[in-house]
There are 2 protein chains.
Amino acid sequence: MSEEGGMTKKRSEDFSNWYLEVVRKGGFMDQRTPIKGFDVITPWGYSIWEIIQKEFDAMIKQKGVQNAYFPLFIPESLIKKEEEHFAGFRAEVARVTDVGGEKLADPLIVRPTSEMIMYYMYKLWIRSYKDLPLKINQWNNIVRIDTKVTKPFIRGREFLWQEGHTAHATKADAEEFLHKIIGLYSNMYELFAIEGLKLVRPQHDTFPGAGYTVVFDTLVQDGKVVQGPGSHFLAQKFSKALDVSFTDEKEQKQHVWQTCWGMTTRQIGILLMHHGDDKGAVLPPGVAPVQVVIIPILFKGKEEIVLEKAREIAKKLKARVYVDERNHTAGFKFNEWELKGVPLRIEIGPKDIEAGHITVVRRDTREKIQVKTVTDVEKMLEKMQHDMLEKSRTFLKENIRDAKSKQEAISAMAKGGFVRINWCGSAECDKSLKKETGGEIRGTLWGKKEHAAGSCICCGSPAKHVAYAARAY
Amino acid sequence: MSEEGGMTKKRSEDFSNWYLEVVRKGGFMDQRTPIKGFDVITPWGYSIWEIIQKEFDAMIKQKGVQNAYFPLFIPESLIKKEEEHFAGFRAEVARVTDVGGEKLADPLIVRPTSEMIMYYMYKLWIRSYKDLPLKINQWNNIVRIDTKVTKPFIRGREFLWQEGHTAHATKADAEEFLHKIIGLYSNMYELFAIEGLKLVRPQHDTFPGAGYTVVFDTLVQDGKVVQGPGSHFLAQKFSKALDVSFTDEKEQKQHVWQTCWGMTTRQIGILLMHHGDDKGAVLPPGVAPVQVVIIPILFKGKEEIVLEKAREIAKKLKARVYVDERNHTAGFKFNEWELKGVPLRIEIGPKDIEAGHITVVRRDTREKIQVKTVTDVEKMLEKMQHDMLEKSRTFLKENIRDAKSKQEAISAMAKGGFVRINWCGSAECDKSLKKETGGEIRGTLWGKKEHAAGSCICCGSPAKHVAYAARAY
């Protein structure tokens, strides 16, 4: 599933085709399926997803979230109950209209998200304040037939994700919990070695039906932005539409306060676009399925001693390690693991054994370093993780540009990255900005109030927000 | 999601409603969704599935199987390519005929199983003998709109499963690998504390398109049989239909030999039906999400000392443990954990602390035992697992009855369990047996040749097989 031969495209020349080549040659995804936008996540790509699942799943369980599984299909009559919500997905839904050859009276919608089916059950489950908070998560598949150009992981028509949905007795409790979840996504971003900008989306661009939405907007190397995990404060919008209510301690009926939050397989695409280089993928140790690959350099008569040493080192390493004993040349293996983005490569030959050192090559800097012990190798992983995150932080910092006027915004936007502006808050100004600069308003900083002095760069009226605009995927 | 109040139904009186009550009151599944047969696997039920996943996933990865993810939809034109295969599912498929309001030229089938879409990709991936064996597994959701009466976990219209699909260069390699997988399912059955009968299905009842099929047929307490994991030797049926081929070492084109094998969330229903008692579910320690629940018995003024002790024991236990500190009476908690089937319950009160012992209650035997150390508790878990498996073995042994004639078969079938007969091998005799006894031929023993002497009990012609018949869900 991964192709032979090295990379031919360069990021700086053709980012789009460079990305497609990274995905294909590294064996992350195969798009050659019979249905456009329904791709195969091949084993190497899927194993990153497994690590993301394992890490995030442990974190949410610690916060008292339980996993469950809800139906794939939602009756059309049910999903239409919250109209604003359905309007956001109407154009993208796949409908099952017949079953075993017979027409259905009420067609079934393949879930584009599970609010309606989950809250239908929440209504049955929640009676008293004692049933709250209810904190449930699903790991499942989602279908949204987006008609825009598909891009592996970044924009597909089916994707995998987790969707967490909680119900609380009070607004304060719901928001407090949502902020914890945003903290967990921050932890994930540390594993990704990515500094994302946490933004509160403009009201006119929030998740259909949400009170407010906080996203991890992530810069990639062509200067565009990709949306990462989204955390939504739903307030009582759904609970009122579906009458999800409880009796409080004073015997009063109340509607629950809700949150939902999701992270998808798009994250794999973000990792590749953010960290990759002209040799292929570069995976941060935090989420690399293989953190260290050991390649035995075999010479006639010395095969056994080299293999033994390779296996010995593998055994001692606490990291996720793979000894590549396949019947291929060392050069072939170097190339393949470089394409796949494995953080550290150990090369072991008879000379290394004689000298008593371990030769390690770092995937990101391509430095070749000789160390003494297995502990040194573990330390290199830590250092690489740290360095990659620092690099990401610098990259973000260097790519936020202030613009005091529309003219400045146009030239700043041409450089890529975020453009920081004063904004009145209106959807019209966002629209006109988009028209003239190609970039849209992504939101205002979350958790850090920035004071807007002066006037909106679009309409000149007094600014209400310091906003971040960018071109986005 | 779990109901208050104990069980009201008895296995011996009304097995079917007893089962529904176990499922509902234990919080395993909720069927009150808006679509029949599309149920919610609630957190307690889902956490059993997570343990099954974790255990089996580790086993198959050790055998070199990799996980991946393939599309949910299969174009109707593709799935029809292997006609015999599609015929087996035609009546059960859900079809997506329109997307975003627009009609599709080639409708999409929601996967009832993934052979066709996976092997479509295998054809692209497999070129040379060096690409073989290819061993891929998926954990996903499946839709089969079975029109029979639905039963939680046992017969639903959507279920979760793993489907493993391998391709090999030779018949021998494929079969050898399939036998390893059957060994892994045997390991899983040990965790389930269930003795299943491994049967080769009669040719006329194999998986559509398969060479032969080995299943774990499992007796439940009403004497009926439920099909467990199925392992299919596909031979070259699909590889010839889809031209999945490779160039062998002699530069000759060959079609691959294939296997597929699956285990579903039905397993949770089997566990409940096999082990449950009139107090609710009884989970074997091997797959219990909580193996030991600790219930502090609180008396005024002694709360802290008791809670401290409870937490201390929990910390020392290597088992999956939960300290139930919720604000409920001890009686309420006893009942709830009994319904949920937690193997061991520890009750800790001031007297236990004074006496220096730990009071443990076994869920299966309901014995109350006082032990000295945490290690003793771990040993009780092992013993319970062992005892439950032994009980299951005895149950199976006692429920295999020989029948030398149709008359004997009728009375044996009325007793429940398996009826062992001489059989000529024809589908007609199976049919007539079913008509007269209500039981069908489930297959012949796998991995152990039994010599058939005498004549078929149905038609009198010379017997070819010693077959096992039973009434089945």
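Everything quoted here is computed from the prediction, not taken from an experiment. (Residues numbered from 1 in each chain as written. Chains lettered and ligands numbered in written order. Predicted model: local features only at pLDDT ≥ 70, side-chain atom pairs only at ≥ 80, totals over all residues.)

**Overview of the overall build of chain A**
As a reminder, the rule being used: Comment: elements are numbered from the N terminus, with helices defined as DSSP H or I runs of at least four residues and strands as E runs of at least two. With the radius of gyration taken over C-alpha atoms, the globule rule is written as 2.2 Å times the number of residues to the power 0.38. Exposure classes come from backbone-placed C-beta atoms, where a residue is buried if 20 or more other C-beta atoms lie within 10 Å of its own, exposed if 12 or fewer do, and partly exposed in between.
Scanning chain A from N- to C-terminus turns up 14 helices and 23 strands. For a compact globule of 473 residues, the expected C-alpha radius of gyration is about 23 Å, and chain A comes in at 25 Å, within 12% of that figure. Dimensions along the principal axes, computed over C-alpha positions, put chain A at roughly 80 × 55 × 50 Å. Here chain A holds 473 residues, and 48% of them are scored as buried.

**As for the sheet that holds strand β20 (residues 400-402) of chain B**
Residue and element names in this part refer to chain B. Filter applied, for reference: By definition, two strands form a pair when at least two bridges between them are found by DSSP. With C-beta atoms placed from the backbone, a contact is any residue pair whose C-beta atoms sit within 7 Å. Each axis is a line fitted through C-alpha atoms, and for a helix only the stretch in contact is used; angles between axes span 0 to 180 degrees, taken between their N-to-C directions.
If you walk across this open sheet you meet the eleven strands as β3-β7-β8-β14-β11-β10-β9-β22-β23-β21-β20, and the pairing is mixed. Since the sheet does not close on itself, it has two edges, and those belong to β3 (66-67) and β20, each with one partner. In this structure, strand β8 (residues 158-168) lies alongside strand β14 (residues 257-264), joined through eight bridges in antiparallel fashion. In the strand pairing of β14, Ala 167 is matched with Gln 258. Helix α2 (residues 43-62) rests against β7 (134-143), β8 and β14 of the sheet, and its axis sits at about 5° to β8.

**Points about the interface of chain A and chain B**
Just so we agree on the cut-off: The nonpolar class holds Ala, Val, Leu, Ile, Met, Phe, Trp, Tyr, Cys and Pro. Asp, Glu, Lys and Arg form the charged class, and all remaining residues, Gly among them, are polar.
At the interface, 45 residues of chain A touch 45 residues of chain B. Here the side of chain A that touches chain B gets six residues from one element, more than from any other, and that element is strand β5 (residues 94-99) of chain A. The residue makeup of the side of chain A that touches chain B, split by class, is 31 nonpolar, seven polar and seven charged. Judged from the five bridges that link them, β5(A) and strand β5 (residues 94-99) of chain B form a sheet pairing that is antiparallel. Counterpart to Val96(A) in the pairing with β5(B) is Val96(B).

**With respect to the domain arrangement of chain A**
Residue and element names in this part refer to chain A. To be explicit about the condition: What marks off one domain from the next here is an automatic or database domain assignment.
Structurally, chain A comprises domain 1 (67-272), domain 2 (290-382) and domain 3 (400-470). Summarising the inter-unit geometry, the C-alpha centres of domain 1 and domain 3 are found 28 Å apart. Contact with domain 1, which involves 14 residues of that partner, is made by 15 residues of domain 3. Elements with a minimum of two residues in the side of domain 1 that touches domain 3: β9 (197-200) and β10 (212-219). Take the side of domain 1 that touches domain 3: its biggest share by element is four residues, from β9. Of the residues contributing to the side of domain 1 that touches domain 3, the split by class is seven nonpolar, two polar and five charged.

**A few points about the relation of the copies chain A and chain B**
Convention followed: When the copies are superposed, the least-squares fit takes in the C-alpha atoms of residues with a pLDDT of at least 70 in both.
Structural alignment of chain A on chain B gives an RMSD of 0.0 Å, achieved by rotating through 180° and translating 0.0 Å along the axis. The superposition operator between the copies reduces to a two-fold rotation axis. Among all C-alpha atoms of chain A, that of Val96(A) lies closest to the rotation axis, at 2.1 Å. Most of the interface of chain A is mirrored in chain B, where 100% of its interface residues are also at the interface.

**Section: the sheet that holds strand β20 (residues 400-402) of chain A**
Each strand in a sheet pairs with its neighbour through backbone hydrogen bonds, running either in the same direction (parallel) or in the opposite one (antiparallel). A sheet is described by the order of its strands in space; here eleven strands give the open sequence β3-β7-β8-β14-β11-β10-β9-β22-β23-β21-β20 (chain A), paired in mixed fashion. Every other strand in the sheet has two partners, leaving β3 (66-67) and β20 of chain A as the edge strands with one partner each.

**Observations concerning helix α1 (residues 15-25) of chain B**
All names here are of chain B. Among the residues of α1, Trp 18, Tyr 19, Glu 21, Val 22, Val 23 and Lys 25 are the ones counted as buried. Those residues of α1 hidden inside the fold are in contact with β1 (29-30), α8 (266-275) and α10 (330-340). Positive phi shows up at Gly 27, right after α1, with a value of about 75°.

**Some words on the environment of Ala174(A)**
Residue and element names in this part refer to chain A. Along the polypeptide, Ala 174 turns up in helix α6 (residues 171-191). On the basis of neighbour counts, which here come to 24 C-beta atoms within 10 Å, the residue Ala 174 falls in the buried class. C-alpha of Ala 174 to C-alpha of Pro 34: the two residues are 140 residues apart in sequence and 43 Å apart in space.

**Description of the environment of Glu428(A)**
Residue and element names in this part refer to chain A. Within the secondary structure layout, Glu 428 lies in helix α14 (residues 427-437). Taking the C-beta count within 10 Å as the criterion, Glu 428 has 11 such neighbours and is therefore assigned exposed. Taking the C-alpha atoms as reference points, Glu 428 and Gly 45, separated by 383 residues in sequence, lie 40 Å from one another.

**Considerations on helix α13 (residues 406-414) of chain B**
All names here are of chain B. Rules: In this description, one arc is meant: the one made by directions from the helix axis to the C-beta atoms.
Regarding α13, the residues found buried are Ala 409, Ala 412 and Met 413. Seen along its axis, α13 keeps its buried residues to an arc of 100°; they face one direction. In the segment just after α13, Gly 416 is the residue with positive phi, at about 90°.

**Describing unusual backbone geometry**
A cis amide bond, omega -5°, links Leu132(A) with the succeeding residue Pro133(A). Located in the positive-phi region is Ala235(B), a residue other than glycine, with phi close to 55°.

**Observations regarding the pairing of strand β11 (residues 225-235) of chain A**
All names here are of chain A. Burial analysis of β11 places eight of its eleven residues in the buried class, which makes it a mostly covered element. Bridge count for β10 against β11 is seven bridges, and the pairing is antiparallel. Looking at the pairing, Thr 213 lines up with His 232 of β11. As consecutive antiparallel partners, β10 and β11 are separated by five residues, and within that stretch Gly 223 has a phi angle of approximately 90°, a positive value. Here five bridges tie β11 to strand β14 (residues 257-264), and the two strands are oriented antiparallel to one another. Of the residues in β14, the one forming a bridge with His 232 is Cys 260.

**So, the packing of α13(B) against helix α14 (residues 427-437) of chain B**
Residue and element names in this part refer to chain B. Inclusion rule: Should an angle fall under 35 degrees it is taken as roughly parallel, and over 145 as roughly antiparallel, whereas 65 to 115 is taken as roughly perpendicular and any remaining angle as oblique. A crossing counts as left-handed when the near helix is turned anticlockwise from the far one by less than a right angle, and as right-handed when that turn is clockwise.
Their axes nearest at 10 Å, the elements α13 and α14 cross at an angle of 55°. Judged by the inter-axis angle, α13 sits oblique to α14. Here the hand of the crossing between α13 and α14 comes out right-handed. Facing Lys 406, Ala 409, Ile 410 and Met 413 of α13, the residues of α14 in contact are Leu 433, Glu 436 and Thr 437. Looking at side-chain class alone, the contact of α13 with α14 contains four nonpolar, one polar and two charged residues.

**Quick word on the pairing of strand β15 (residues 292-296) of chain A**
All names here are of chain A. In terms of burial, β15 is a largely internal element, five of the five residues being buried. Across three bridges, β15 lies against strand β16 (residues 321-323) in parallel orientation. Bridging across to β16, Val 292 finds its partner in Val 321.

**Details of the environment of Leu339(A)**
Mapping Leu339(A) onto the fold places it in helix α10 (residues 330-340). Of the residues examined, Leu339(A) has 26 C-beta atoms within 10 Å and is grouped as buried.

**A look at the packing of helix α2 (residues 43-62) of chain A against α6(A)**
All names here are of chain A. Contact geometry of α2 with α6 gives a least axis separation of 10 Å together with a crossing angle of 155°. With respect to α6, the element α2 is oriented roughly antiparallel. The element α2 and its partner α6 pack so that their crossing is right-handed. Along its contact with α2, which presents Glu 55, Phe 56, Met 59 and Ile 60, the element α6 presents Leu 184, Asn 187, Met 188 and Leu 191.

**Structural notes on the confidence of the model for chain A**
Reading predicted coordinates in detail is not appropriate for stretches of low pLDDT. Rules: Across the chain, each position has a pLDDT score giving the predictor's confidence in that residue, from 0 to 100.
On average, residues of chain A score 95 in pLDDT, and 98% of them are at 70 or above. Predicted as a complex, the structure gets a pTM of 0.96 and an ipTM equal to 0.96.

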